[in-house]
Amino acid sequence: MAAFVEPHFDAYQAGNGNMTVVDMVSPDMLHMVHPHWNQFPPMNPLWHSILGFAIFCLGMVSMIGNGCVISIFTSTKSLKTPSNLLVVNLAFSDFLMMFTMGPPMVINCWHQTWSFGPFACELYACLGSLFGCASIWTMTLIAFDRYNVIVKGLAAKPMTNSGAMVKILLVWAFALFWTLAPFFGWNRYVPEGNMTACGTDYLTQTWLSRSYIIVYAVFVYWLPLLTIIYSYTFILKAVSAHEEQMREQAKKMNVASLRSSEAQQTSAEIKLAKVALVTISLWFMAWTPYLVINFTGVFKAAPITPLATIWGSLFAKANAVYNPIVYGISHPKYRAALYQRYPGLSCQSDNSSNDTQSVASGATTASDEKA
């Protein structure tokens, strides 16, 4: 590890001194740094402290949350279903995301620059791309699996354990393709503007480099996002139609409701609408800032500052914290198992394990209700 000389704080003030954010980078890293970053002074150390603290907190929460999801879903018999294998894969990918991304980022924020050398920079960016892509497409498969069961109903072909494993392997193979492409000349991995993290090169203006960002965005952002929106839109329509049929049947039978738990005063379609809104909103908040930064660099739409690259990276990594909540804790059987095994991590009482009405609990609960 190269030795670093801490510059005086005055060097961080705009207009004072001739130092740039690149000056603290070790000499063996300079060939990877785009000239665009030479115009910016070093960032205020306070920003590095804030970023390091935020990544540390996000990493701890993510690893604990995803670790609980993996542990409980793989050891609880009632949760060992083919559909839940996708949830376990999502938690596994998110756990590895923060396990490999968090500690290096915290150390680099302490040194205020990348401190592990060129190969580690490429490996860091490679792993970030791998786990990010795997998480994105696993979320897409979860949404499509729910669409398949809820919308198609009994006509849907049920997912098997072998079918789920094949889909998971295809997700990792697909993610690996995008991960390895920059090593073979289609784009490259470089330090980001804040010099504490690494990612894809969105500043080099050759078409070979730019085409990677554009095609990657289509297959790893737009296509998954549109698939999730499509799936939840038709799921909401199907559940709404199902609820309307049950209300009409209740009127014919001259009863208040065919479902005793409907006394909760919250209809299934409202619950599902909330889940869909949360899922899509968190997706949008997590990945859109990073996409905007990449496209801004590719098309030179606006100047990109080192500080801006921090927020894109931070929001993307925060998605590993959201997922255990959306896909794990929203599952009633998971909440019951979590309360029994780790009471201190559960925010519910023991009798809430009787809740079997969650519309976010995956295809198993949905298929039971439709049946």
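All figures in this text were calculated on a predicted structure; none of them were measured in a lab.

Participant: Quick question: what am I supposed to make of the overall build of the protein here?
Facilitator: When helices and strands are tallied, the protein shows nine helices and two strands. Of the regular secondary structure in the protein, the N- to C-terminal order runs α-α-α-α-β-β-α-α-α-α-α. Taken across its 371 residues, the protein has 51% of its residues classed as buried. Within the protein, counting contacts between residues at least 6 apart in sequence, those at least 24 apart form 75% of the total. Summing over all exposed atoms, the protein offers an accessible surface of approximately 17600 Å²; the carbon and sulfur share of this is 69%.

Participant: Which parts of the structure should I look at to understand empty space enclosed by the protein?
Facilitator: Overall, the coordinates contain eight cavities of 30 Å³ or more when judged by the stated rule. Of the pockets and cavities examined, the largest cavity occupies roughly 500 Å³. For the largest cavity, the lining is made up of 27 residues, of which Gly128, Ser129, Tyr216, Trp287 and Tyr290 are closest to its centre. Secondary structure elements with two or more residues in the lining of the largest cavity: helix H2 (82-111), helix H3 (118-152), strand S2 (198-200), helix H5 (207-252), helix H6 (268-299) and helix H7 (306-329). Among the elements that take part in the lining of the largest cavity, H3 stands out by supplying seven residues, more than any other. A class-by-class count of the residues in the lining of the largest cavity yields 18 nonpolar, seven polar and two charged.

Participant: I tried to follow H2 on my own but got confused; where do I start?
Facilitator: Because each turn of an α-helix spans 3.6 residues, side chains separated by three or four positions in sequence point in the same direction. With 30 residues, H2 ought to run about 44 Å at 1.5 Å a step, and its terminal C-alpha atoms sit 45 Å apart, in line with that. The sharpest bend along H2 comes to roughly 25 degrees, located at Gly102, with the proline Pro103 sitting one to four residues further on. Two residues or fewer after H2 comes Gln112, characterised by a positive phi angle close to 65 degrees.

Participant: Would you take a moment to explain the environment of Val61 for this structure?
Facilitator: With respect to the helices, strands and loops of the structure, Val61 is situated in helix H1 (residues 45-75). Residues Val61 and Ala320 lie 259 residues apart in sequence; the distance between their C-alpha atoms is 9.1 Å.

Participant: Looking at this structure, I do not really get the pattern of salt bridges. What am I missing?
Facilitator: Once the charged atoms of two side chains with opposite charge are near each other, the side chains can pair. Here the structure, examined in full by the defined rule, presents one salt bridge. In this structure, Arg188 engages Asp201 in a salt bridge whose closest nitrogen and oxygen atoms are separated by 3.0 Å. Here Arg188 is found in the loop between helix H4 (161-180) and strand S1 (189-191), whereas its partner Asp201 is found in the loop between S2 and H5, with 13 residues between them in sequence.

Participant: Got a minute to help me understand the packing of H2 against H4 in this structure?
Facilitator: When two helices pack together, their arrangement is given by the angle between the helix axes and the distance between those axes. Close contact between H2 and H4 brings their axes to 8 Å; oriented N to C, the two are set at 30 degrees. Between H2 and H4, the angle falls in the class roughly parallel. Note on packing geometry: the crossing formed by H2 with H4 is right-handed. Within the contact between the two elements, H2 uses Pro82, Leu85, Leu86, Asn89, Phe92 and Ser93 and H4 uses Asn161, Ala164, Met165, Ile168 and Trp172. Here the residues of the contact of H2 with H4 sort into eight nonpolar, three polar and no charged.

Participant: Would you mind going over the UniProt feature "transmembrane region" (unreviewed entry) in the protein with me for this structure?
Facilitator: Look at the UniProt record and you will see "transmembrane region" (unreviewed entry) annotated at residues 46-73, 85-102, 122-144, 164-186, 213-236 and 275-293. This span, residues 164-186, is 74% helix and 0% strand, and a straight line between its end C-alpha atoms measures 31 Å. Along residues 213-236, the helical share is 100% and the strand share 0%, with 33 Å between the first and last C-alpha atoms.

Participant: Would you mind going over the nonpolar core with me for this structure?
Facilitator: Soluble, globular proteins show a tendency: their nonpolar side chains are buried together. With 90 residues, the main nonpolar core has Trp37, Tyr202, Trp283, Trp287 and Tyr334 as its most contacted residues. Among the secondary structure elements, those contributing two or more residues to this core are H1, H2, H3, H4, H5, H6, H7 and helix H8 (332-341).

Participant: Is there a simple way to explain the side chain of His36 in this structure?
Facilitator: With respect to the helices and strands, His36 occurs in the segment before H1. On the accessibility criterion, His36 (18% relative accessible area) is buried. Among the polar contacts made by the side chain of His36, one reaches the main-chain carbonyl oxygen of Ile304 at a distance of 2.9 Å. In this structure His36 touches Leu203 and Ile304, once residues within four positions along its chain are discounted.

Participant: How do you make sense of the environment of Val215 when you look at a structure like this?
Facilitator: Note that Val215 resides in helix H5. As for Val215 and Trp178, which are separated by 37 residues in sequence, their C-alpha atoms are 10.0 Å apart. Other than its neighbours up to four places away in sequence, Val215 contacts Trp178 and Trp186.

Participant: Please clarify how unusual backbone geometry should be interpreted in this entry.
Facilitator: Peptide bonds are, in most cases, trans, and in most cases residues other than glycine have a negative phi. Phi at Gln112 takes a positive value of approximately 65 degrees, unusual for a residue other than glycine. With respect to the helices and strands, Gln112 occurs in the loop between H2 and H3. Notably, Met195 is not glycine yet its phi reads approximately 65 degrees, a positive angle. You can see Met195 is positioned in the loop between S1 and S2.

Participant: Just to check I follow, could you spell out a nonpolar patch on the surface for this structure?
Facilitator: Together, Leu46, Trp47, Ile50, Met285, Trp311 and Phe315 give the surface a local cluster of nonpolar side chains, amounting to about 540 Å² of exposed area. Mapped onto the nonpolar patch, the elements with two or more residues apiece are H1 and H7. For Phe315, the location among the structural elements is in helix H7.

The rules behind the values
Residues numbered from 1 in each chain as written. Predicted model: local features only at pLDDT ≥ 70, side-chain atom pairs only at ≥ 80, totals over all residues. Heavy atoms only, no water. Helix = DSSP H or I, 4+ residues; strand = E, 2+ residues; numbered from the N terminus. Buried < 20%, exposed > 50% of the residue type's maximum accessible area, 1.4 Å probe, protein only. Contact = heavy atoms within 4.5 Å. Areas by Shrake-Rupley, 256 points an atom, 1.4 Å probe, with all protein chains shown as cover. 1 Å grid on protein atoms, 1.4 Å probe; cavity = no way out; pocket = protein on both sides within 12 Å on 5 of 7 lines; lining within 4 Å. Points joined across faces, edges and corners; volume = space filled by probe spheres on them. Nonpolar A, V, L, I, M, F, W, Y, C, P; charged D, E, K, R; others polar. Expected span 1.5 Å × (residues − 1). Bend = angle between axes of the 7 residues up to and from the residue. Salt bridge = Lys/Arg side-chain N within 4 Å of Asp/Glu carboxyl O. Axes fitted to C-alpha atoms, helices over the stretch in contact; angles between N-to-C directions. Parallel < 35°, antiparallel > 145°, perpendicular 65-115°, else oblique. Left-handed = near helix turned anticlockwise from the far one by under 90°. UniProt positions renumbered as here; feature names shortened; annotations may be inferred. Core = buried A, V, L, I, M, F, W, Y, C linked by side-chain atoms within 4.5 Å. Polar contact = N/O pair within 3.5 Å; in protein donor to acceptor, adjacent residues only side chain to side chain. Patch = residues over 30% accessible without salt bridge, like charges linked within 9 Å, V, L, I, M, F, W, Y side chains within 5 Å.

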